[in-house]
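Fold and contact review
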2 protein chains.
Amino acid sequence: MKTIGILGGGQLARMLIESSCRYDFTFRVLSKEPMSPAGKLTRFEIIGDWDDEKALEEFSSGCDVITLENEFIDFNAIKFLEEKGNYIAPGSNVVRSIQDKLLQKETLKNTGVPVADFTRIDSVSDIKDFASLHGYPVILKSRTMGYDGKGNLKINSDAEVNNAFKQLSKRGELLAEKYIDFVLELAVQCSRSTNGELIIYPVVETIQKDHICHIVKASRDRFHYLRETVSDLCKTITEKLGYVGTMGIELFLLPNSELLVNELAPRVHNSGHYTIEGCKTSQFENHIRAILGYKLGDVELTVNSAVMINILGETDSTADYKGLDELVKMQNTYCHIYGKQLSKPGRKMGHITVTGENLENVTANAIEARAKLTI
Amino acid sequence: MKTIGILGGGQLARMLIESSCRYDFTFRVLSKEPMSPAGKLTRFEIIGDWDDEKALEEFSSGCDVITLENEFIDFNAIKFLEEKGNYIAPGSNVVRSIQDKLLQKETLKNTGVPVADFTRIDSVSDIKDFASLHGYPVILKSRTMGYDGKGNLKINSDAEVNNAFKQLSKRGELLAEKYIDFVLELAVQCSRSTNGELIIYPVVETIQKDHICHIVKASRDRFHYLRETVSDLCKTITEKLGYVGTMGIELFLLPNSELLVNELAPRVHNSGHYTIEGCKTSQFENHIRAILGYKLGDVELTVNSAVMINILGETDSTADYKGLDELVKMQNTYCHIYGKQLSKPGRKMGHITVTGENLENVTANAIEARAKLTI
């Protein structure tokens, strides 16, 4: 059976392994720390950082294909592995043009994909110029390494520009985007195989709390009217990039029912965790199928509604989950615990998916389920 | 999170781990050989035999509960672990009264559970006496260590008695049973928790080939008329034994629609593999829940029909699976590969479950799917 390498040992790598352990693929995981969430499920956890060439070589040894769970990985590490003759999906060029948010936006815009107005920012006056053209608020963003609201600042007036620039430019280069007054934040996952086959998951609503994904709501037919537009977007984006694997696409739904692409993630995505219990084939299994060049699995919802709620750390402490015995009493409720040793405020420690008929009830059940668990 | 020990590292242990890896329990596996099917999915595979007290102690260290995947384990190994203060489910007394088929039949009979007529056999004349009372054919069986037809012989006449006795008595003590001319072979799994909660899976048809489980057919409402009888049987048997965990019960359906219990398995069972994709909660997850004292999950079928077909080894060779890429093209078809390094004739190397509406079509699809895979 095939050997699959995953750069990173977090929960996304873990769920990739879980999704296809019935196939007896061998998984090799490169993790900075031992006993990572994914490393617990394989005998081949190689400890090392992305710039450690020896670790990269040990990790990649015998892999039929290598993939990643994190777009922050240094693009040079991927390139290094490619130059050694490894097949990596998605590849270094794709990751590079996504991990740099300015490059990502330019790629999208050049392909005709609708995005918010944006510009490169090198100085305070660049921000003010952009605002005078598009108005406030402006979102100032780090070009790289931003996630869960880190590396993003909302600027409401000229008075806030200096401070924001000073704060964020410490993190590296910047871009600015027009603030979008969206009706809803949506997301979609799609998987594209080495042979070009593309499947598109249902469009879901995502609800953020403190800029971190909090709840994802999937419901049959709810965004059916967006289906064609979203399909075209997925096709355009993945073909333009020559993308292979599952991709997460964050969208803004505008008052006029049009869509803007907010951000791409070149990997399985938190907004698609509901697919494990909610869809015929999960985003994780289809990622594995895609990078192996296998036929992709059906992705329709098997339930009317599926709601995912994240389990986020609340304090700096050793993770100590309590309440699972109470949680399993709830029907159609699926708890995933990632196995991280340390909890931190906002850290993704697990998630719960609840399935059922009525979206409102299912959402209420998900919130109730979450409350049963303490970390 | 809890630490669970499994005595044995085969496919049943593997599927126990798969069924609950989203909970991040720690699994410790005792296996005779390294890189066992289950050992591939945990960092804690202890190598040793059941009579190796040092290995048993190392294995059991830190376990909250210990279970087993094989009823042939020496009852003394379980007792040894119990005496060291470990909680084992099912416990040594239960395993003892099931692994000895004579004791098992006596226990069942004494509890009022219908079984075929049987007797203890110490000599050739015991067999002839039994036959003169009940008629031929007679099934001669080893009291222990019989499986997949090994340790069983069908005797059709007095002329065959000597040979059969000579052959089987090499394996140890014997019993004889009246040959049952059944209409169908059926099976059912049930799970009973430490707190006495009992859930009963649907009754399924099992089809053997060369005495090895070949196909299992589950279909909604098909054996509904047996539901009450089977529930009573499960309740009687598990309560009498004080059983904890999932149990497999093999049944004979007689021409008059009555049932006889053929054999018990004190563990998850091949006839219940279809529950992974066919039921709301698999026999594996409910086994884990049961031994932890958690609420058991719903067991109803989520599909109209589910058919499981075993992937059996054909020759003595290194296992080399081919055709998975073709197999995944089939819809509603779920392939499980156990990860055994060596294939042998009749060895269980994997299984495929197909789900769908019409039982006949689903069965045909399962057979078609099996044909796509070579080992």
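In this report, the structure presented in the accompanying data block is examined. (Residues numbered from 1 in each chain as written. Chains lettered and ligands numbered in written order. Predicted model: local features only at pLDDT ≥ 70, side-chain atom pairs only at ≥ 80, totals over all residues. Heavy atoms only, no water.)

Counting residues at the interface gives 34 residues for chain A and 34 residues for chain B. Counting the surface lost from both chain A and chain B, the interface buries some 3,300 Å², and carbon and sulfur atoms represent 55% of this. Here Glu 45 of chain B and Arg 43 of chain A are joined by a salt bridge, their closest N and O atoms 3.0 Å apart. Along the contact surface separating chain A from chain B lie 18 residue pairs in polar contact (both at pLDDT 80 or more). Taken together, the elements giving at least two residues each to the side of chain A that touches chain B come down to helix 1 (11–19), strand 3 (44–47), helix 11 (324–327) and strand 17 (333–337) of chain A. It is strand 17 of chain A that provides the largest number of residues to the side of chain A that touches chain B, a total of four residues. When its residues are assigned to classes, the side of chain A that touches chain B shows 14 nonpolar, six polar and 14 charged. (Contact = heavy atoms within 4.5 Å. Buried area = accessible area lost by both parts, 1.4 Å probe. Salt bridge = Lys/Arg side-chain N within 4 Å of Asp/Glu carboxyl O. Polar contact = N/O pair within 3.5 Å; in protein donor to acceptor, adjacent residues only side chain to side chain. Helix = DSSP H or I, 4+ residues; strand = E, 2+ residues; numbered from the N terminus. Nonpolar A, V, L, I, M, F, W, Y, C, P; charged D, E, K, R; others polar.)

So, about the relation of the copies chain A and chain B. It takes a turn of 180° to lay chain A on chain B, together with a shift of 0.0 Å along the axis; the resulting RMSD is 0.0 Å. The superposition of one copy onto the other is thereby described by a two-fold rotation axis. Considering only C-alpha atoms, the part of chain A nearest the rotation axis is Leu 41 of chain A, at 2.4 Å. With an isologous cut-off of 70% or more, the 100% of interface residues of chain A that recur at the interface of chain B puts this contact in the isologous class. (Least-squares fit on C-alpha atoms with pLDDT ≥ 70 in both.)

Further remarks concern the pairing of strand 1 (residues 3–7) of chain B. Residue and element names in this part refer to chain B. Burial within strand 1 is extensive, with five of its five residues counted as buried. Both faces of strand 1 are covered, namely the face carrying Thr 3, Gly 5 and Leu 7 and the face carrying Ile 4 and Ile 6. Pairing geometry for strand 1 and strand 2 (residues 26–31), over five bridges, is parallel. For Ile 6, the partnering residue across the bridge sits in strand 2 and is Val 29. Note on the crossover from strand 1 through helix 1 (residues 11–20) to strand 2: the handedness is right-handed. (Buried < 20%, exposed > 50% of the residue type's maximum accessible area, 1.4 Å probe, protein only. Pairing = 2+ DSSP bridges. Right-handed = clockwise from strand over helix to strand, strands pointing away.)

The next subject is empty space enclosed by the protein. Residues and elements named next belong to chain B. The tally for this structure, following the rule as stated, stands at four cavities of 30 Å³ or more. Approximately 50 Å³ is the volume attributed to the largest cavity. Lining the largest cavity we find Ser 97, Ile 98, Gln 104, Thr 107, Leu 108, Thr 111, Val 113, Ile 237, Lys 240, Leu 241 and Leu 264. Looking at the lining of the largest cavity, the elements that each hand over two or more residues are helix 4 (92–99), helix 5 (101–110) and helix 8 (227–241). (1 Å grid on protein atoms, 1.4 Å probe; cavity = no way out; pocket = protein on both sides within 12 Å on 5 of 7 lines; lining within 4 Å. Points joined across faces, edges and corners; volume = space filled by probe spheres on them.)

This brings us to the sheet that holds strand 8 (residues 174–178) of chain B. All names here are of chain B. Here four strands make up an open sheet; going across it, the order is 5-8-6-7 and the pairing antiparallel. Edge positions in the sheet fall to strand 5 (118–121) and strand 7 (152–155), since each of these pairs with one other strand and no more. Each strand axis lies, on average, 25° off the axis of its neighbour in the sheet, ignoring direction. Bridge count between strand 5 and strand 8: four bridges; the pairing is antiparallel. Residue pairing for strand 8: Thr 119 is matched across the bridge by Ala 176. Running at roughly 145° to strand 5, helix 5 makes contact with strand 5, strand 6 (138–142) and strand 8 of the sheet. Strands strand 5, strand 6, strand 7 and strand 8 of the sheet are contacted by helix 7 (residues 161–169), whose axis makes an angle of about 175° with strand 7. (Axes fitted to C-alpha atoms, helices over the stretch in contact; angles between N-to-C directions.)

With that settled, consider the state of the cysteines. One covalent bond between the sulfur atoms of two cysteine residues makes up a disulfide. Tallied over the full model, the rule gives zero disulfides over all chains. For the unlinked cysteine Cys 234 of chain A, the closest cysteine sulfur is that of Cys 190 of chain A, found at 3.9 Å. Distance from the sulfur of Cys 21 of chain B, which forms no disulfide, to the nearest cysteine sulfur (Cys 21 of chain A) is 4.9 Å. (Disulfide = S-S within 2.5 Å.)

Turning to the side chain of Ser 20 of chain A, a few remarks are in order. Residues and elements named next belong to chain A. Positionally, Ser 20 belongs in the loop between helix 1 and strand 2 (26–31). Judged by relative accessible area, Ser 20 falls into the buried class, the value being 0%. Within polar-contact distance, the side chain of Ser 20 engages the backbone oxygen of Leu 16 at 3.2 Å. When near neighbours in sequence (up to four residues on either side) are disregarded, Ser 20 contacts Phe 25, Phe 27 and Ile 288.

Residue and element names in this part refer to chain B. Here His 273 lies in the loop between strand 14 (259–265) and helix 9 (275–278). Accessibility expressed as a relative area gives 2% for His 273, which makes it buried. In this view, His 273 contacts Leu 12, Met 15, Gln 283, Phe 284, Met 308, Tyr 338, His 351 and Thr 353; residues no more than four positions away in its chain are not counted.

Turning our attention to the sheet that holds strand 2 of chain A. Residue and element names in this part refer to chain A. One open sheet accounts for four strands, arranged 3-2-1-4; its pairing is parallel. Both edges of this open sheet fall to strand 3 and strand 4 (65–68), since each of them pairs with a single strand only. Going across the sheet, the axis of each strand differs from the next one's by a mean of 20°, ignoring polarity. Relative to strand 3, strand 2 is paired through four bridges, and the arrangement is parallel. Across the sheet, residue Ser 31 finds its bridge partner in strand 3, namely Ile 47.

Turning our attention to the environment of Lys 166 of chain A. Along the chain, Lys 166 of chain A falls in helix 7 (residues 161–169). Through-space distance from the C-alpha of Lys 166 of chain A to that of Ile 288 of chain A is 42 Å; in sequence the pair is 122 residues apart.

Turning our attention to the packing of helix 6 (residues 124–134) of chain A against helix 7 of chain A. Helix-helix packing is described using two parameters, namely the angle between the two axes and the distance between the axes. Residue and element names in this part refer to chain A. In the contact formed by helix 6 and helix 7, the axes pass within 9 Å of each other and the chain directions differ by 125°. In terms of orientation, helix 6 and helix 7 fall into the oblique class. In this structure, the crossing between helix 6 and helix 7 has a hand that is right-handed. On helix 7, the residues touching Val 124, Ile 127 and Lys 128 of helix 6 are Val 161, Asn 162 and Phe 165. Of the residues belonging to the contact of helix 6 with helix 7, the class tally is four nonpolar, one polar and one charged. (Parallel < 35°, antiparallel > 145°, perpendicular 65-115°, else oblique. Left-handed = near helix turned anticlockwise from the far one by under 90°.)

A few words on the packing of aromatic side chains. Going through the model one piece at a time under the given rule, you end up with six aromatic pairs over all chains. Ring plane angle 40° and centroid distance 5.5 Å describe the contact between Tyr 23 of chain B and Phe 25 of chain B, whose orientation is recorded as tilted. When its relative accessible area of 4% is taken as the criterion, Tyr 23 of chain B is described as buried. Classification of Phe 25 of chain B as buried rests on a relative accessible area of 8%. Ring-pair connections join several aromatic residues into one group, and the members of that group are Tyr 23, Phe 25 and Tyr 294 of chain A. Its guanidinium or amino end placed over the ring of Trp 50 of chain A, Lys 32 of chain A lies 4.4 Å from that ring's centre, counting from NZ or CZ. (Phe/Tyr/Trp six-rings, centres within 6.5 Å; stacked < 30°, edge-to-face > 60°. Lys NZ or Arg CZ within 6 Å of the ring centre and 35° of its normal.)

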